[in-house]
Amino acid sequence: MSKKYEKLAREIIKKIGGSENVSTLTHCMTRLRFALNDNKKADLEGIKALEGVINVVESGGQFQVAIGPHVEEVYQEIVKHIKPSENSNAEGAKEKKGILNKVIDFVSGTFGPLIPAIAGSGMMKAVLALLLVFNLITRESQTYYVINFMADTIFYFLPIVLAYSAANKLKCNPVFAMVLAGILLHPDMVQLRTDGVDVSIFGIPMALVNYGSTVVPILLIVWAQSYIEPFFQKIIPDAVKIIFVPLFTIMVTGIIGVTVLGPIGSFVGDYLAMGFDFLGAQGSWIIIFLIATFWPILVMFGIHYSLSPLSIAQLTTLGYENIIGPGAMLANIAQGVAALVVGLRVKDAGAKQIGTTTGITGLMGITEPALYGVNLPKKYPLVAAMIGGACGGLYAGIMNVSRYAVGHSGIPAIPLYIGENMWHLYNILIGIVITITVTAVLTYILTFKYEKDLPKKGVSKQNEAIGEVNTTINKSKVLSSAMKGEIIPLSNVKDEAFATEAMGKGVAIEPSEGKVVAPFNGEVVSLFPTKHAIGLLSDDGVEVLIHVGLNTVELNGKYFEAHVEQGQRITKGQTLLTFDLEKIKQAGYVTQTPIIITNTHNYSDVIINDSNKNIDFNNELLALKV
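Residues numbered from 1 in each chain as written. Predicted model: local features only at pLDDT ≥ 70, side-chain atom pairs only at ≥ 80, totals over all residues. Heavy atoms only, no water.

1. Points about the overall build of the chain
Under the convention used in this document: Secondary structure follows DSSP: runs of H or I at least 4 residues long count as helices, runs of E at least 2 residues long count as strands, and numbering of each begins at the N terminus. Think of it in three bands: with a 1.4 Å probe and only protein chains considered, a residue is buried below 20% of the maximum accessible area for its type, exposed above 50%, and partly exposed in between. Accessible areas in this description were obtained via Shrake-Rupley with a 1.4 Å probe; residue shielding takes into account the shown protein chains only.
Summing up its helical and strand segments, the chain has 22 helices and 20 strands in all. Here the chain, with 626 residues, has 52% of them falling under the buried criterion. A total of about 27600 Å² of accessible surface is found on the chain, and carbon and sulfur atoms cover 60% of it.

Now the structure itself:
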């Protein structure tokens, strides 16, 4: 399995523009999050086509590659081979991002690496709650005492953990940043606050505030460090940098931090807490309802982590959280239910497998596979899930449901709602039932409209010829064959990414001649440098990917010749690619050639002309039902 991840990692690095194009790399539960020096160097469509990649999203200044549950394994392989560019902070690269994108990128990049540790600590709280409910321990026991402070550790020392992550993101010294955070939490600082005496530094008054579990103060301080440290690096001679850069960076930034930035951050945090109290009294249901409804949209654009500071700040100041928790949980469960219903309803074996497997992971709180593999391409499951999440979220919001710890947002997170007020648990369970019921019923009803003509095992038995299809379907588009050879159902292709229709519906051809021609009038929208694959767009909006052979990208263009260029106009029957069929086979490669309708979601069905097993150039191959 490790070889599989290593191969995928190498392909991603290659198509991302090489290791020299990588500024920073982090990952969340399902995505690799690249900050690239030049996004134009990345082969977006090429990365999407890789087996093991669910989707690629550019958002918030990040190039996000959705992998799914195995993202950690792929990440570990990638970091073995990349060397982030020394010029990754060049002004030219910075100018391409707007202020909002910079903020989103900073927040996402800082909090993303922390989420697993925060979630793990939150689940420890959930375990404690369960042990109490079943009377296995008491609140007075030493077991409860020890595990409780273990779970609280990351929140109390959150400024130190945040300092390290923020410094890595801003490319300043993370150890200096951790020292600055330690200043805020030092026992003597706590004692000064306890004593309540007036304190000043060089005559500058110092406001004494509680920095434990805070978020904003340390972010502001590390931001200041990212400017102060390079300044001293620049003006101090190399011979004494090792002594005086740390001295002046920590002292100057520390003084500014405890006198100005720390109190400002604490002031902002206090007002956030006041805002949470106000919303809780006036209309917190609106937030839960909106998150439950639109969480999939936030996930698609990769900005859901931008809400993490608010969520954590609310938990650490008030002891409960309802900004993300209830809404995201209901939205994720809805995504999983919608994908499961599709998997149970469809007839195609590949689509059934994708629906059931991604649906289960969605219920567990990891929704990108379901979102990008099923719900978004088909559209109607996404709509059904958003409506189901909205209904459950409306109830949870009205009942002001909150969780007592932070963790994953899926069914395993239910224990997070166990606490002093057990109605939070009862009401989230009711919200889950509402969400599941509405989503399942609505998705099932919509399948009668959108899934009733699904082909069996990749080949339609209802209409065995395009001629018959054209007599029964008033509105359809017919796609001619781009190759000569034997028709193969997509489900029989020896590549899971194609066989499961994760990239779209279509068909495959075992070529008998090494030539690809244009199946319609249109344009070449993408031509891989290795010439083994080409993306086309017809004049009436059909998007087609023709991928000659499997894993033939490894040939690096050997045995292939392109007769067109990217952006070029094409006419039906025009030669696009030629290749040496026999030499490719002799090199050990499978020559099955998938022909994929990449905008399958625009059509209610894709029907194969299987009236003749063998097909010639420009014969009718597919009917796209609109």
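2. A closer look at the packing of aromatic side chains
Going by this rule: Side-chain rings of Phe, Tyr and Trp (the six-membered ring for Trp) are treated as a pair once their centres are within 6.5 Å; stacked means planes under 30 degrees apart, edge-to-face means over 60, and tilted covers the remaining angles.
What the rule picks out here adds up to ten aromatic pairs. Relative to Tyr-227, the ring of Trp-223 has its centre 5.5 Å away and its plane inclined at 70 degrees; by these criteria the two rings are edge-to-face. Linking Trp-223 with Tyr-227, this pair stays in helix 11 (residues 216-235), spanning four residues, or about one helical turn. Judged by its relative accessible area of 45%, Trp-223 falls in the partly exposed class. Residue Tyr-227 is classed as exposed on the basis of its relative accessible area, which comes to 56%. With a centroid separation of 5.3 Å and 90 degrees between ring planes, the pair formed by Trp-423 and Tyr-426 is classed as edge-to-face. Remark: Tyr-426 and Trp-423 occur in helix 19 (residues 423-450); sequence separation between them is three residues, near one turn of the helix. With a relative accessible area of 54%, Trp-423 lands in the exposed category.

3. Structural notes on unusual backbone geometry
Here the phi dihedral of Lys-531 falls at roughly 65 degrees; this positive angle occurs in a residue that is not glycine. Looking at the element boundaries, Lys-531 is found in the loop between strand 11 (522-527) and strand 12 (533-538).

4. Regarding the nonpolar core
Using the following cut-off: Residues grouped as a nonpolar core are buried Ala, Val, Leu, Ile, Met, Phe, Trp, Tyr and Cys residues, joined through side-chain atoms within 4.5 Å. We call two residues in contact when some of their heavy atoms are within 4.5 Å.
Core analysis: the biggest nonpolar cluster contains 38 residues, and Phe-111, Ile-118, Leu-162, Val-215, Ile-218, Leu-219 and Val-222 have the highest contact counts within it. Broken down by secondary-structure element, the contributors of at least two residues to this core are helix 5 (99-111), helix 7 (142-156), helix 8 (158-170), helix 9 (174-185), helix 11, helix 12 (241-282) and helix 14 (308-318). In terms of residue count, helix 11 provides more of this core than any other element does, seven residues in total. With sequence-adjacent residues up to four places away left out, Val-222 is seen in contact with Ala-163, Ala-166, Ala-167, Leu-170, Cys-172 and Ala-177. One finds Ile-509, Phe-560, Ile-615 and Leu-622 within the second-largest nonpolar core, a separate group that totals 36 residues.

5. Comments concerning the pairing of strand 2 (residues 31-36)
For clarity, the cut-off: Paired strands are those between which DSSP finds at least two bridges.
Buried residues dominate strand 2, accounting for six of its six residues. Burial of the side chains of strand 2 extends over both faces: Arg-31, Arg-33 and Ala-35 are buried on one face and Leu-32, Phe-34 and Leu-36 on the other. Pairing geometry for strand 1 (residues 22-27) and strand 2, over five bridges, is antiparallel. The residue bridging His-27 from the neighbouring strand is Leu-32, located in strand 2. In terms of strand pairing, strand 2 meets strand 4 (residues 62-66) through four bridges, oriented antiparallel. Bridge pairing in strand 4 links Leu-32 to Val-65.

6. Some points on helix 9
Residues spaced three or four apart along an α-helix point in a common direction, a consequence of the helix completing one turn every 3.6 residues. Our working rule: For a helix, the expected span equals 1.5 Å multiplied by the number of residues minus one. Any pair of nitrogen or oxygen atoms within 3.5 Å is treated as a polar contact; in protein, a donor-acceptor pairing is required on top of that, and neighbouring residues in sequence qualify only through side-chain atoms on both sides.
Here helix 9 is twelve residues long and its end C-alpha atoms lie 17 Å apart, about the 16 Å a rise of 1.5 Å per residue gives. Those residues of helix 9 not exposed but buried are Phe-176, Ala-177, Leu-180, Ala-181, Leu-184 and Leu-185. If you check the start of helix 9, you find a side-chain oxygen 2.9 Å away from the backbone N of Val-175, and it comes from Asn-173.

7. What to know about the sheet that holds strand 19 (residues 614-615)
Spatially, the eight strands line up as an open sheet ordered 15-11-12-13-17-9-8-19, and their pairing is antiparallel. Each of the sheet's edge strands pairs with one partner strand only, and the pair in question is strand 15 (569-570) and strand 19. Pairing analysis gives five bridges linking strand 11 to strand 12, with the strands arranged antiparallel. Residue Gly-522 lies in a different strand from strand 12, and its bridge partner there is Ser-538.

8. Describing the side chain of Glu-321
Within the secondary structure layout, Glu-321 lies in the loop between helix 14 and helix 15 (325-345). Here Ile-324 takes part through its backbone nitrogen, which lies 2.5 Å from a polar atom of the side chain of Glu-321. Here Gly-325 takes part through its backbone nitrogen, which lies 3.1 Å from a polar atom of the side chain of Glu-321. Setting aside its immediate chain neighbours within four residues, Glu-321 contacts Ser-311, Gln-314, Leu-315, Pro-326, Ser-402 and Arg-403.

9. Description of the pattern of salt bridges
Heads up, the rule is: For this analysis, a salt bridge means a side-chain nitrogen from Lys or Arg found within 4 Å of a carboxyl oxygen belonging to Asp or Glu.
Evaluated as defined, the whole model comprises seven salt bridges. Glu-6 is the salt-bridge partner of Arg-10, the closest N and O atoms lying 3.3 Å from each other. Highlighted residues: Arg-10 and Glu-6, both in helix 1 (residues 2-15), separated by four residues, approximately one helical turn. For Glu-6, a relative accessible area of 28% translates into the label partly exposed. Where Asp-539 meets Arg-569, a salt bridge forms, and the shortest distance between an N and an O atom there is 2.7 Å. With Asp-539 in the loop between strand 12 and strand 13 (543-547) and Arg-569 in strand 15, this pair connects stretches of sequence that are 30 residues apart.

10. Comments concerning the sheet that holds strand 16 (residues 575-579)
Across a sheet, strands are paired by hydrogen bonds formed along the backbone, either parallel or antiparallel in direction. Note the cut-off: Lines fitted to the C-alpha atoms define the axes, with helices restricted to the stretch that makes contact. Angles between their N-to-C directions range from 0 to 180 degrees.
Judged by pairing direction, the sheet is antiparallel, and its three strands sit side by side in the order 10-16-14 without closing on themselves. Two strands close off the open sheet at either side, each with one partner strand: strand 10 (515-517) and strand 14 (560-562). Neighbour to neighbour, the strand axes of the sheet diverge by 15 degrees on average, direction disregarded.

11. As for the packing of helix 7 against helix 8
Rules: By the definition adopted for this analysis, an angle is roughly parallel if under 35 degrees, roughly antiparallel if over 145, roughly perpendicular if from 65 to 115, and oblique otherwise. Only Asp, Glu, Lys and Arg are considered charged, only Ala, Val, Leu, Ile, Met, Phe, Trp, Tyr, Cys and Pro nonpolar, and every remaining residue, Gly among them, polar.
In the contact formed by helix 7 and helix 8, the axes pass within 5 Å of each other and the chain directions differ by 50 degrees. One finds that helix 7 runs oblique with respect to helix 8. Between helix 7 and helix 8, the residues in contact are Ile-154, Phe-155 and Tyr-156 and Leu-158, Pro-159 and Val-161, respectively. For the contact of helix 7 with helix 8, a count of residues per class yields six nonpolar, no polar and no charged.

12. Focus: the packing of helix 18 (residues 380-398) against helix 19
Defined as follows: Throughout, a crossing is termed right-handed when the near helix is turned clockwise from the far one, and left-handed when it is turned anticlockwise from it by less than a right angle.
The geometry of helix 18 relative to helix 19 is characterised by a closest axis approach of 8 Å and an angle of 155 degrees between their N-to-C directions. In this view, helix 18 runs roughly antiparallel relative to helix 19, as classed from their interaxial angle. As for how helix 18 packs across helix 19, the hand of that crossing is right-handed. Where helix 18 approaches helix 19, its residues Tyr-380, Ala-384, Ala-385, Ile-387, Gly-388, Gly-389, Cys-391, Gly-392 and Tyr-395 are matched on the opposing element by Asn-427, Ile-430, Gly-431, Ile-434, Thr-435, Val-438, Thr-439, Leu-442, Thr-443, Leu-446, Thr-447 and Tyr-450. Class assignment of the residues belonging to the contact of helix 18 with helix 19 gives a composition of twelve nonpolar, nine polar and no charged.

13. Remarks on the confidence of the model for the chain
Atom-level detail of predicted coordinates should not be read off regions where pLDDT is low. To keep things clear, this is the line we draw: Confidence scores here are pLDDT values: one per residue, from the predictor, ranging 0 to 100.
Residues at a pLDDT of 70 or more form 84% of the chain, whose mean pLDDT is 81. Scored below 50 in pLDDT, residues 84-96 shows 19 contacts in the model against residues more than four places distant or in partner chains.

14. Some thoughts on the environment of Gly-254
When you line up the elements, Gly-254 lands in helix 12. Judged by its relative accessible area of 11%, Gly-254 is buried. Each C-alpha atom, one on Gly-254 and one on Val-179, is 9.0 Å from the other, the two residues being 75 residues apart in sequence. Excluding residues that lie within four positions of it along the chain, Gly-254 makes contacts with Leu-180 and Thr-249.

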